[in-house]
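Examining the three-dimensional arrangement
This is what each chain is made of:
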Amino acid sequence: MKKASPEIKILFLLCLLIFQNAVQAQDEKSVGAVHTDGHIRIDGNLDEEDWLQVAPITNFTQFAPNAGIQSANRTEVRVLFGKDNLYLGVTLFDDPEKLTKTLGRRDEYNHADWFIVSIDSYFNRKVAYTFGVNIGGVQLDGLLNKPLQADGSIISGLDLSWNAVWSSSTKITDDGWVAEIRIPYSMLRYSVESGQTWGFHFFRRTARLGEDSEWPFIPNSERTNLVSHFGQINNITIHESRTEIQFRPYVLSKLQSIENSNSPGEGTYLNSFNGGGDIKLGFGSNFIMDVTINPDFGQVEADPAVLNLTAFETKLLENRPFFMEAADVFKFGIGQSQLFHSRRIGTRDPVLGAAKISGRTSQGLSFGVLGAATGDHPEASSNYGVTRINQQLGQYSSAGAILTTYQSPLEHGYGWKSYTAGVDWDFRFANNNYSFEGITALANRQSLIPERSDEKGYMGGIVFRKRSGKFFGHLTFLVFSDQYNPNDIGWTTNERDFRNVWINTTYNVNNGKSFGPFQRATITTYNTQRVSYVDWLNIGDINSVTAEFVTRKYQAIKVTTRFTDMFGGYDLFETRGLWHWARPANIKYTAQFISDQRRNWKISQEGNLTTFNNGGRLYTLKYDGRLDLGTMFSMSGTAAFNLEHDVIAWVANETFLFSSDAWHIGKIYPSNPPNPLDFVQFDDNGILGPILREITPLSPDFYFVPVFGDRKSTSVDLSLRGTLTLSRNMSLQAYNQLLIAQGKYDHFQILQNPDKLAGFETYPKNSEFNLNSYNLNMVFRWEYRAGSTIYLIWSQVRNETGNFFPRTSWEPSSYPLRFNDQIRNTFNMFPRNTWMVKLDYTFLRR
């Protein structure tokens, strides 16, 4: 028999080595499930015999600071599938004298040692349920469903508003620490098939080292598809789940102290008692029904005060447990524009009740149906409805649709009826490295009041995206018609009346690995150009470049330069409904520095300078800090300072009437024909007539025009938060926010046409503002059993909005005020105090 040549032997050995490496690489990310019918006690001791049957997952790899190398300390993760629960037993080896043991509030990812598991139980490779516990036993949970920040941090992709009922225990040992976790299957969603595969990702944070390690290792160039790169546990078989019943009632007692309107300076006390609750019914592993009656906002802190000088409302976050449950199922939109924004429900009137059904079929169809009614009396003033479906196609692709309805009858509501409908798709190809995405929606808003106009419009967009690699980003085309308005039940701000080309790219320097003095670095570019939908008017361009660096000393540096309207641009909204306006171009420079994050303190400093081509300047300086004192007390604070100098901005839309050989200015919003009693005569020094001759009047000698001015303003926003954590389930927190601002408009001008402002120095009104606001919240929180909490709350609000923007009046002005005087005025205001006791209790039966 002829012997094989040396070349053939070498080739055979190379093929065998490649095959073995491929099998080993596959095995490193894929393990078999181990089932148990035994009882696992969650006490931080892995002493049950069942744990001995599980081969631990050990090959953790650093993601930071040195991506791709072995973790400094060994980690062993064991996973058991019980009859009703998923169990994790985790041994985290380390020097027990060097562990970072800081306590904190639930869902606060603080400076401590952590273990976090993310579970893709649907195995749709897009969304994962995430559960974390730190060495002090503090729990964190959320949905991993958001794009990660440039640093690739898994925490940046979490929606922490989602909460589950689960158990954990931690224990410090001679070898480090142990975490034992029990997650009821009822907290997850999964198929009922035997031999399932779930995606898993394990993450360990060693705070003093600044080290993040994980299994499996996913390089930064692949983290835009994070969930699709999870490891796998195969051959999972879970018996048919029984019906789950979860009932979470709450009671709330409130006492308020407000100023007596008839006797200023004296208080009036109001007390109230409220109650309601949520009911959850789980039918098998895939279908959930939620019902709520008089839902609690879940908001133990007031919304922070903001200085909003824009034409758009401030978006408020959702905190109500009912609306947070399965919130990812109802998502539909692009950017900030969403067809369903649950905070709309209950903003005007209390929620009388709501119900929803959500789930996923074994064929990969996710669905959600929601209905809600609001009103101050049994006769609802508004009714809301949402239906959303999304079908998984293959391993990574999907397509879906949505329908929303809103009706507010004229007799006891707001006189609107609206419908929106849309479809979206996300087609992935080339092993999930590229995607073609699209979205389109129609909005039909009908007025039940004859004097108001209906609004009918549409939006659409397509996205070509490179999802991974050293370079990744997207090319997006968007169009929003001028009459597109989903705001009765959705959210959009300036997302209307435009056509848009948007390019975004990110470059991972050195493929996301360390180089020179840096752990990693990214360079991101952002380019967009918009034209108006109706007449293709140029409405602006933005071009920016951002560089982010993390040094080997764990410091972060970020610098950005942004160019806006370098080729011109008209603002369609600044005049609040009148003409468009040619904005001045500007350049914004931003620099940020974050100190060493391994320490028990951290400081972030950020500065911005915006220069306008007409000479205006905007300066912003912001400091953020955190300090941990021991393991039980932590403090954090923010100080933000803003200074505007000669920034041209809209002041008011004014009416002018020429009568009896003199000009008059209106006191109220105009009616046509004008009522002379609504006007006041003033001396224009002969300036106004020549300006208005170039403007088309509403009627003879009657004009409605935008007035602009150069704005000078200062604002100071200071906040301080202190937390005393008595145990992992009990904390006392104090939050203070002081916001003071003042501004003045001068060098007034009238917008004669979109490109021309004419000086109007004889404008007769004072356009100045002062804003004083102070918020105090003290919250004692005790989670006395899993999912059940007692709150004791005291809040105090002092604010003054009567002189807020735009003032445009003849009253004496208090501008300018010295900083000390403005603080004194804030604390001289009569406070509105609120004391609350809130208790909720979770009944859970499986």
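All figures in this text were calculated on a predicted structure; none of them were measured in a lab.

Rules and cut-offs
- Residues numbered from 1 in each chain as written.
- Predicted model: local features only at pLDDT ≥ 70, side-chain atom pairs only at ≥ 80, totals over all residues.
- Heavy atoms only, no water.
- Helix = DSSP H or I, 4+ residues; strand = E, 2+ residues; numbered from the N terminus.
- Rg over C-alpha atoms; globule rule 2.2 N^0.38 Å.
- Buried < 20%, exposed > 50% of the residue type's maximum accessible area, 1.4 Å probe, protein only.
- Contact = heavy atoms within 4.5 Å.
- Areas by Shrake-Rupley, 256 points an atom, 1.4 Å probe, with all protein chains shown as cover.
- Pairing = 2+ DSSP bridges.
- Axes fitted to C-alpha atoms, helices over the stretch in contact; angles between N-to-C directions.
- Polar contact = N/O pair within 3.5 Å; in protein donor to acceptor, adjacent residues only side chain to side chain.
- Salt bridge = Lys/Arg side-chain N within 4 Å of Asp/Glu carboxyl O.
- pLDDT = per-residue confidence, 0-100.
- Arc of directions from axis to C-beta.
- Core = buried A, V, L, I, M, F, W, Y, C linked by side-chain atoms within 4.5 Å.
- Phe/Tyr/Trp six-rings, centres within 6.5 Å; stacked < 30°, edge-to-face > 60°.
- Lys NZ or Arg CZ within 6 Å of the ring centre and 35° of its normal.
- Patch = residues over 30% accessible without salt bridge, like charges linked within 9 Å, V, L, I, M, F, W, Y side chains within 5 Å.

What about the overall build of the protein chain?
When its secondary structure is counted, the protein chain shows 5 helices and 45 strands. Rg of the C-alpha trace for the protein chain: 30 Å, near the compact-globule value of 28 Å for 846 residues, within the 12% margin. Along the first, second and third principal axes, the C-alpha atoms of the protein chain reach 115 × 70 × 50 Å. Out of the 846 residues belonging to the protein chain, those deemed buried represent 50%. Considering only intrachain contacts with a sequence separation of at least 6, the fraction spanning at least 24 residues in the protein chain is 64%. When the accessible surface of the protein chain is summed, it comes to about 38,300 Å², and 56% of that surface belongs to carbon and sulfur atoms.

Quick word on unusual backbone geometry
Leave glycine aside and you will find that most residues have negative phi; peptide bonds, for their part, are mostly trans. With an omega of 5°, the peptide bond running from Ala 64 to Pro 65 counts as cis. By the secondary structure assignment, Pro 65 is in the loop between strand E2 (61-64) and strand E3 (75-81). The backbone of Asn 431 sits at a positive phi, close to 55°, despite the residue not being glycine. Along the chain, Asn 431 turns up in the loop between strand E23 (416-429) and strand E24 (434-447). You can call Asn 431 exposed: its relative accessible area is 60%. Its identity is not glycine, yet Asn 685 carries a phi of approximately 55°, on the positive side.

Focus on the sheet that holds strand E10 (residues 176-184)
Across the sheet, which stays open at both edges, the 4 strands sit in the order E3-E4-E10-E9 with antiparallel pairing between neighbours. Looking along the sheet, the strands with just one partner apiece sit at the ends: E3 and strand E9 (167-173). Sheet twist, expressed as the mean angle between neighbouring strand axes with direction ignored, is 10°. Inspection of the sheet shows E3 paired to strand E4 (residues 85-93) by 7 bridges, in the antiparallel sense. Each bridged residue has a counterpart across the sheet, and for Leu 80 the counterpart in E4 is Tyr 87.

Concerning the side chain of Asp 290
Here Asp 290 is to be found in strand E16 (residues 287-293). Here the side chain of Asp 290 touches Lys 280 through a polar contact of 2.9 Å, side chain to side chain. Beyond its immediate chain neighbours, meaning those up to four positions away, Asp 290 contacts Ile 279, Lys 280, Phe 322, Glu 325, Ala 354, Ala 355 and Lys 356.

Quick word on the pattern of salt bridges
Taken as a whole and assessed by the stated rule, the structure comprises 35 salt bridges. Here Arg 41 and Asp 43 are joined by a salt bridge, their closest N and O atoms 3.7 Å apart. For Asp 43, a relative accessible area of 22% puts it in the partly exposed group. Residue Arg 388 pairs with Asp 424 through a salt bridge whose shortest N-O separation is 2.9 Å. Here the residue Arg 388 occupies a position in strand E21 (residues 382-393), and Asp 424 occupies one in strand E23, the gap between them amounting to 36 residues. You can call Arg 388 buried: its relative accessible area is 5%. Here the residues in one salt-bridge network are Arg 106, Asp 141, Arg 781 and Glu 783, joined through shared partners.

Brief notes about the confidence of the model for the protein chain
Per-residue pLDDT for the protein chain averages 89, and the proportion of residues at 70 or more is 93%. Note that residues 6-27 has pLDDT below 50 and, in this model, 1 contact with residues that lie over four places away or in other chains.

Focus: helix H5 (residues 819-828)
Among the residues of H5, those classed as buried are Asp 821, Gln 822 and Thr 826. On an axial view of H5, the arc spanned by its buried residues comes to 140°, and they lie on one face. Facing away from the buried side of H5 by over 90 degrees, the exposed positions are Asn 820 and Asn 828. On its buried face, H5 sits against strand E40 (730-753), strand E42 (768-785) and strand E43 (788-800).

Remarks on the nonpolar core
In terms of nonpolar packing, the biggest core is built from 38 residues, with Phe 81, Leu 88, Phe 115, Phe 131, Trp 198, Phe 200 and Phe 202 touching the most fellow members. Of all the elements in the fold, those that place two or more residues in this core are E3, E4, strand E5 (114-120), strand E6 (128-134), E10, strand E11 (196-206) and strand E13 (231-236). Apart from the residues within four sequence positions on either side, Phe 131 is in contact with Phe 115, Ile 116, Val 117, Ile 119, Leu 140, Asp 141, Trp 162, Ala 164, Trp 166, Ile 183 and Leu 188. Counting residues in hydrophobic clusters, the runner-up holds 33 residues, among them Ala 372, Tyr 384, Met 459 and Tyr 484.

Some points on the packing of aromatic side chains
Per the stated rule, a full pass over the model turns up 42 aromatic pairs. Aromatic side chains Phe 471 and Tyr 507 sit 4.6 Å apart centroid to centroid with 25° between the ring planes, which places their arrangement in the stacked category. Of this pair, Phe 471 sits in strand E26 (residues 471-480) while Tyr 507 sits in strand E27 (residues 498-508), and the two are 36 residues apart along the sequence. A connected cluster of aromatic rings, assembled from ring pairs, spans Phe 81, Phe 115, Tyr 185, Tyr 190, Trp 198, Phe 200, Phe 202 and Trp 215. Here the basic side chain of Arg 348 rests over the ring of Tyr 414, its NZ or CZ set 4.1 Å away from the ring centre. Over the ring of Phe 498 we find Arg 530, and its NZ or CZ is 3.8 Å from the ring centre.

Thoughts on the pairing of E5
Buried residues dominate E5, accounting for 7 of its 7 residues. Relative to E6, E5 is paired through 6 bridges, and the arrangement is antiparallel. Its bridge partner being in E6, Ile 119 is matched across the sheet by Tyr 129. Here E5 pairs with E11 via 7 bridges, running antiparallel. If you follow Val 117 over to E11, its bridge partner there is Phe 202.

As for a nonpolar patch on the surface
Taken together, the side chains of Trp 601, Ile 603, Leu 621, Tyr 623, Leu 627, Leu 629 and Phe 641 define a hydrophobic patch exposed on the protein surface, amounting to about 560 Å² of accessible area. Breaking the nonpolar patch down by element, the ones donating at least two residues are strand E34 (601-612) and strand E35 (617-629). For the nonpolar patch, the leading source of residues is E35, giving 4 residues. Relative to the helices and strands, Leu 627 is located in strand E35. By relative accessible area, which is 32% here, Leu 627 ends up partly exposed.

Let's talk about the environment of Phe 843
Tracing the chain through its elements places Phe 843 in strand E45 (residues 843-845). Each C-alpha atom of the pair Phe 843 and Tyr 570 lies 57 Å from the other, and the pair is 273 residues apart in sequence.

A few points about the pairing of strand E14 (residues 244-259)
Strand direction decides the pairing type here: E14 and strand E15 (residues 267-283), joined by 16 bridges, are antiparallel. Across the sheet, the residue bridging to Leu 255 is Asn 271, located in E15. Where E14 meets E45, 3 bridges bridge the pair, whose relative direction is antiparallel. Bridging across to E45, Gln 246 finds its partner in Leu 844. Two elements, E14 and strand E44 (residues 832-840), share 8 bridges in a ladder whose sense is antiparallel. Note on E44: the bridge partner recorded for Leu 255 is Trp 835.

Details of the environment of Pro 249
For Pro 249, the position within the fold is in strand E14. On the basis of relative accessible area, Pro 249 is assigned to the partly exposed category, the value being 22%. Residues Pro 249 and Asp 840 lie 591 residues apart in sequence; the distance between their C-alpha atoms is 5.6 Å. When neighbours within four sequence positions are excluded, Pro 249 is seen to be in contact with Gly 276, Gly 277, Leu 839, Asp 840, Tyr 841 and Phe 843.

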